[in-house]
Amino acid sequence: MKMWSGRFRQPLDPDFERWQRSFSFDRRLLKCELLASNAHARALKAAGILSSDELISILRGLRQIGEKAAESPAFLDDDEAEDVHHFVEKQLVTLIGETGYKLHSGRSRNEQIATDLRLYVRATIDQLRQELAELCSVLADRAEQAADAAMPAYTHLQRAEPVLLGHWLLAYVEMFLRDAERLADCRKRLNVCPLGSGAVAGATLPLDRGLMADTLGFDGATANSIDATSDRDFVIEFVNALSLLALHLSRWAEEMILFSSQEYSFVILPEAYSTGSSAMPQKKNPDLLELVRGKSGRILGNATALMVAVKGLPLAYNKDLQETQEPLFDSSDTLLQMLPLVAGWMKAVDFNRERMLQAAQTGFMNAWAGATYLVKRGVPSRLAHERIGKAVQMCVERNCELQDLPLDELRSLSPAFDQDFYESLNLASVLAVHDVPGGTAPSRVRNAISITRKKIESLREEAHAHA
Ligand code: ARG
C-alpha cells in the first residue's frame, strides 16, 4: 500500500512514479531509519498508543529487517518502495501484520528523513575523522623518518628558503587536523533530534521528545518543528567542510605531481599507485594524484549543488530537499575511499633526498640568513637587505653562489662582513636561524613532531570513542 493513496482517484503516471522515488539512493539510510523508528516506537508506547505486546512485535520486526538486509543485499530489491520509509513500513507489515501500520502514528516522513540524515552525517563524520587520524599519523611518521633531510621551500613557486622535509610534511598535517576539527564542530551542531517535529507543526501525539533524543544519542531535541523539518544546514556545512578537505588534498596532489616530474625529481612515484602509458613505454604516471585533484572538483561541485538546491526554498519541507541526498552521499563516499589511498601513497612514496638537498643549497636560498648576519652586527635591516641584494646581483653576473664571493669584495659592500659570514651561509646555519616555535630549525621541528603526535592521538581516541 502507498503511504498516501486514500485521497487519490487515479493512479500515478508510471514514469513519474518511478522518477520521483528515492529508494535507489536512500536505501543506504536503512540502518538510520531503523534506529529512528525504534526510538519512535518506544515513545509511542510511553504515550500509550502502543501496548507492550505491540511494541515488542514492532521492535522485533525492525530488528529482523536489519538482519535480512545484512544477510542479503537482494532483500532491498523492491520495485514498489517509494523511499526507505515506505520500504520499512512495507516490510514491517509483511513480517508482523497490520500492527506494522501503527508505527507511523503521529509522525511524518519529513521528520524521519531529517533525523536519518543527521544520524548518517554524524556516523560519517566519525569515520572520516578516523581516516584523517590515520593519514596524519603516516605523514608524521614520514616527517620523523626524514630527520634532518632538507628541501627548498617555495614562494611564488620560486626557491625561497631551505626547510626540513619534515617541516613541509607537517604543513599538510596541520591542514588535515583543522579539517578534522571542522568536522567535529559540525558534529556538535548537528547532534539534535528532529523526531517529534511531525510534518511541520509538531507531532500530533504527546511524544516524549527527550526520550527519543536520548535513545538515539542526540544531545537534545530540536527547538522548532518548522525549522527541524526543513533544515539542511548541517548537510551543507558538512559538505562544505568536505570541500575544504578536498581542496587541501588537491593542493597536496598538485604539489606531489610537480615534485614527481623529471624537472623537480624530488619524489619517486610509487609503482603500486601509478600506471603506464599504452603508447609510450617509458611512462610512469601519477594517476592517484591526478584523480585526487580531479575528484576534488566534483566534491566542490556537490557543495554548490546543495546550496543552490536549498537557496530560495520557502519553509518548510519541499520535495526539492530529496535532492540534497545524492551530492551528500557522493562527497562522503568519494572522500572515504580517497583518504586511505592517500595514506597508502604517502607510506609508499620515496623522496629523492640528494636532489632535494642539492636544490636546498643553491639558488641563493641563504640570502635572508645572510642579511640576518648583518642585522645581528647592527646593520639596519633595510640596508642589510640591500647589501645582500647587491651581492646576489654580483653572483648572478658571475654565475656563482653567495659563499663563493671573496671577503674583500663583500667588505667593499659593507664593513660588517667578516670571515664567519661564510658559516652563516651553510645549510645547517640557515636552518638553525629559524629558531622560533613553528619554524624549521631542526629542534623546533622535532618538537613539532611530538606535539603533532599528541594531537593525532587525541583525534584518534575521540573518533574511536564515538564510533
Ligand atoms: N524521500 C523523501 C525525501 O528524501 C522523504 C520525505 C518525503 N516527504 C514528503 N512530504 N513527501 O525528502
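In this text, all values refer to a predicted model and were calculated from it rather than measured experimentally.

Conventions adopted
- Residues numbered from 1 in each chain as written.
- Predicted model: local features only at pLDDT ≥ 70, side-chain atom pairs only at ≥ 80, totals over all residues.
- Heavy atoms only, no water.
- Helix = DSSP H or I, 4+ residues; strand = E, 2+ residues; numbered from the N terminus.
- Rg over C-alpha atoms; globule rule 2.2 N^0.38 Å.
- Buried < 20%, exposed > 50% of the residue type's maximum accessible area, 1.4 Å probe, protein only.
- Contact = heavy atoms within 4.5 Å.
- Near = heavy atom within 4 Å.
- Polar contact = N/O pair within 3.5 Å; in protein donor to acceptor, adjacent residues only side chain to side chain.
- Areas by Shrake-Rupley, 256 points an atom, 1.4 Å probe, with all protein chains shown as cover.
- Nonpolar A, V, L, I, M, F, W, Y, C, P; charged D, E, K, R; others polar.
- Salt bridge = Lys/Arg side-chain N within 4 Å of Asp/Glu carboxyl O.

### Comments concerning the overall build of the protein
Okay, so step 1: Counting its secondary structure elements, the protein contains 19 helices and four strands.
Okay, so step 2: Scaling as 2.2 N^0.38, a compact globule of 467 residues should have a C-alpha radius of gyration of about 23 Å, whereas the protein reaches 30 Å, well beyond that.
Okay, so step 3: Summarising its shape, the C-alpha atoms of the protein cover approximately 100 × 55 × 40 Å along the three principal directions.
Okay, so step 4: Going through the 467 residues of the protein one by one, you find that 49% of them count as buried.

### Details of the environment of cysteine 193
Okay, so step 1: With respect to the helices and strands, the residue cysteine 193 is situated in the loop between helix 7 (165-190) and helix 8 (209-215).
Okay, so step 2: With a relative accessible area of 0%, cysteine 193 lands in the buried category.
Okay, so step 3: When the C-alpha atoms of cysteine 193 and aspartate 219 are compared, they prove to be 7.8 Å apart, with 26 residues separating the residues in sequence.
Okay, so step 4: Not counting the four nearest positions on each side in its chain, cysteine 193 is found in contact with Arg209, Met212, Ala213, Leu216, Phe218, Gly220, Ala221 and Thr222.

### Here we look at the site of the ligand
Okay, so step 1: The environment of the ligand is made up of Ser22, Asp26, Asp83, His85, Arg109, Asn110, Ile113, Tyr317, Gln322 and Gln325.
Okay, so step 2: Taking aspartate 83, its side chain carries an N or O atom lying 3.2 Å from a nitrogen atom of the ligand.
Okay, so step 3: Within the side chain of asparagine 110, one N or O atom sits 2.9 Å away from a nitrogen atom of the ligand.
Okay, so step 4: Alone, the ligand offers 340 Å² of accessible surface; in the complex the protein occludes 86% of this.
Okay, so step 5: Here the shell around the ligand takes three residues from helix 6 (residues 109-146), the largest share from any one element.
Okay, so step 6: Here the residues of the shell around the ligand are counted per class, giving two nonpolar, five polar and three charged.

### Description of the pattern of salt bridges
Okay, so step 1: Considering all chains together, one arrives at 32 salt bridges under this definition.
Okay, so step 2: With its nearest N and O atoms 2.4 Å apart, the salt bridge here joins arginine 293 to glutamate 254. Here glutamate 254 lies in helix 10 (residues 233-260) and arginine 293 lies in helix 11 (residues 287-310), a separation of 39 residues in the sequence.
Okay, so step 3: Overall, arginine 293 belongs to the partly exposed group, its relative accessible area being 32%.
Okay, so step 4: The partly exposed category is assigned to glutamate 254, whose relative accessible area is 32%.
Okay, so step 5: A salt bridge links arginine 377 to aspartate 420, with the shortest nitrogen-to-oxygen separation between them at 3.7 Å. Placement of the pair is arginine 377 in the loop between helix 14 (367-376) and helix 15 (381-398) and aspartate 420 in the loop between helix 16 (407-413) and helix 17 (421-425), with a sequence separation of 43 residues.
Okay, so step 6: Arginine 377 gets classed as partly exposed once you look at its relative accessible area, which sits at 38%.
Okay, so step 7: Aspartate 420 gets classed as partly exposed once you look at its relative accessible area, which sits at 36%.
Okay, so step 8: Several salt bridges share partner residues, and in doing so they unite Asp185, Lys188, Arg189 and Glu237 into one network.

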